[in-house]
Amino acid sequence: MRRLHADLGITFIYVTHDQEEALTMSDRIAVMNDGLVAQVGSPEDLYDRPCDRFVASFIGESNFLPAIVRGMEGGMVVAECEGSIIRAICTSPQAVGQRVTLTTRPERLRFADGAADPALAQNRIRVTVTEAVFAGERCRYMLQAADGAAMVLKEPSSAAIRRRAVGEQAEIAWSVADTIIV
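First, a word on scope: everything that follows refers to the structure included in this document. (Residues numbered from 1 in each chain as written. Predicted model: local features only at pLDDT ≥ 70, side-chain atom pairs only at ≥ 80, totals over all residues. Heavy atoms only, no water.)

Some remarks on the overall build of the chain
Then, number 1: For the chain, the count of helices and strands is 4 helices and 12 strands.
Then, number 2: Principal-axis analysis of the C-alpha atoms places the extent of the chain at approximately 55 × 45 × 30 Å.
Then, number 3: Expressed as a percentage of its 182 residues, the buried residues of the chain come to 36%.
Then, number 4: The contacts in the chain between residues at least 6 apart in sequence include a share of 56% that link residues at least 24 apart.
Then, number 5: Carbon and sulfur atoms make up 52% of the accessible area of the chain, which amounts to about 10200 Å² in all.
Then, number 6: With 19 positive and 24 negative side-chain charges, the chain shows a spacing of 3 Å between the two charge centroids. (Helix = DSSP H or I, 4+ residues; strand = E, 2+ residues; numbered from the N terminus. Buried < 20%, exposed > 50% of the residue type's maximum accessible area, 1.4 Å probe, protein only. Contact = heavy atoms within 4.5 Å. Areas by Shrake-Rupley, 256 points an atom, 1.4 Å probe, with all protein chains shown as cover. Lys, Arg positive; Asp, Glu negative; His and termini not counted. Charge placed at Lys NZ, Arg CZ, Asp CG, Glu CD.)

Comments concerning unusual backbone geometry
As a rule of thumb, non-glycine residues mostly have phi less than zero, and peptide bonds are mostly trans rather than cis.
Then, number 1: Positioned with a positive phi, Asp-34 is a non-glycine residue whose angle comes to about 55 degrees.
Then, number 2: For Asp-34, the position within the fold is in the loop between β1 (29-33) and β2 (36-41).

Notes on the side chain of Thr-179
Then, number 1: Take Thr-179: it is sitting in the loop between β11 (169-174) and β12 (180-181).
Then, number 2: Since its relative accessible area comes to 1%, Thr-179 is described here as buried.
Then, number 3: Side-chain polar atoms of Thr-179 contact the side chain of Trp-174, separated by 2.6 Å.
Then, number 4: A polar contact is formed between the side chain of Thr-179 and the backbone oxygen of Ser-175, at a distance of 3.0 Å.
Then, number 5: Once you skip the residues sitting within four places of it in the chain, Thr-179 turns out to touch Ile-86, Arg-87, Ala-88, Ile-89, Leu-102, Thr-103, Asn-123 and Trp-174. (Polar contact = N/O pair within 3.5 Å; in protein donor to acceptor, adjacent residues only side chain to side chain.)

Some words on the packing of aromatic side chains
Then, number 1: In total, this model carries 2 aromatic pairs according to the counting rule given.
Then, number 2: Ring geometry for Phe-54 against Phe-58: centres 5.4 Å apart, planes inclined by 15 degrees, an arrangement best described as stacked. Here Phe-58 and Phe-54 lie together in helix α4 (residues 53-58), a separation of 4 residues that amounts to about one turn.
Then, number 3: Relative accessible area serves as the criterion here: at 29%, Phe-58 is assigned to the partly exposed category.
Then, number 4: On the basis of an interplanar angle of 85 degrees and a centroid distance of 5.2 Å, the ring pair of Phe-111 and Tyr-141 is categorised as edge-to-face. (Phe/Tyr/Trp six-rings, centres within 6.5 Å; stacked < 30°, edge-to-face > 60°.)

Things to note about the nonpolar core
Then, number 1: Of all hydrophobic cores here, the largest spans 27 residues; its most connected members are Leu-65, Leu-102, Phe-111, Ile-125, Leu-143 and Ile-172.
Then, number 2: The leading source of residues in this core is strand β9 (residues 138-145), at 4 residues.
Then, number 3: Apart from the residues lying within four places of it in its own chain, the contact partners of Leu-102 are Asn-63, Phe-64, Leu-65, Ala-67, Ala-79, Ile-86, Ala-88, Thr-179, Ile-180 and Ile-181.
Then, number 4: In this structure, Ala-22, Leu-46, Val-55 and Ile-59 belong to the second largest nonpolar core, which totals 7 residues. (Core = buried A, V, L, I, M, F, W, Y, C linked by side-chain atoms within 4.5 Å.)

Focus: a nonpolar patch on the surface
Then, number 1: Where nonpolar side chains cluster on the molecular surface, the patch consists of Leu-4, Leu-8, Ile-10 and Phe-12 and spans about 350 Å² of accessible area.
Then, number 2: When you line up the elements, Leu-8 lands in helix α1 (residues 2-8). (Patch = residues over 30% accessible without salt bridge, like charges linked within 9 Å, V, L, I, M, F, W, Y side chains within 5 Å. Salt bridge = Lys/Arg side-chain N within 4 Å of Asp/Glu carboxyl O.)

So, to be careful, I would describe these as geometric facts and stop short of saying anything about function.
The following block contains the structure:
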């Protein structure tokens, strides 16, 4: 389809329920929810900056963390989550004390002791590994935060990366740029 589009030079409207197909074949995507357009944008925009929880969960897999706004720093919200301070990208001012939901993608999380660049991993919380699945090219970990919130961490598989065991306590880290309010 992409080759045909390039050869013909005309606009295509392609309807699919396959999110991966939509991401790989499209220049722009319209996500529909209950018959209404929820968000329109490039595949990167929809994946990296979903406008709400529905789009974040519909396009790919997301972690959702409840938090309380403690302040604003420039274009970022400073929130308390799991007893830690988490910073997130914010498109509009948030009131101090307001309850919000933060989201980040599972492949953007890292175990803090293995984070390559500490400057990129400014957000951190403590978790317990509840499930560890080796899937060839990656390891998928189910994690539980102190308040019971479930999270998923997807880590590339490598002999150089220590695998985690069920029951292990760890700290996870991720970039502020990969954290948004939905």
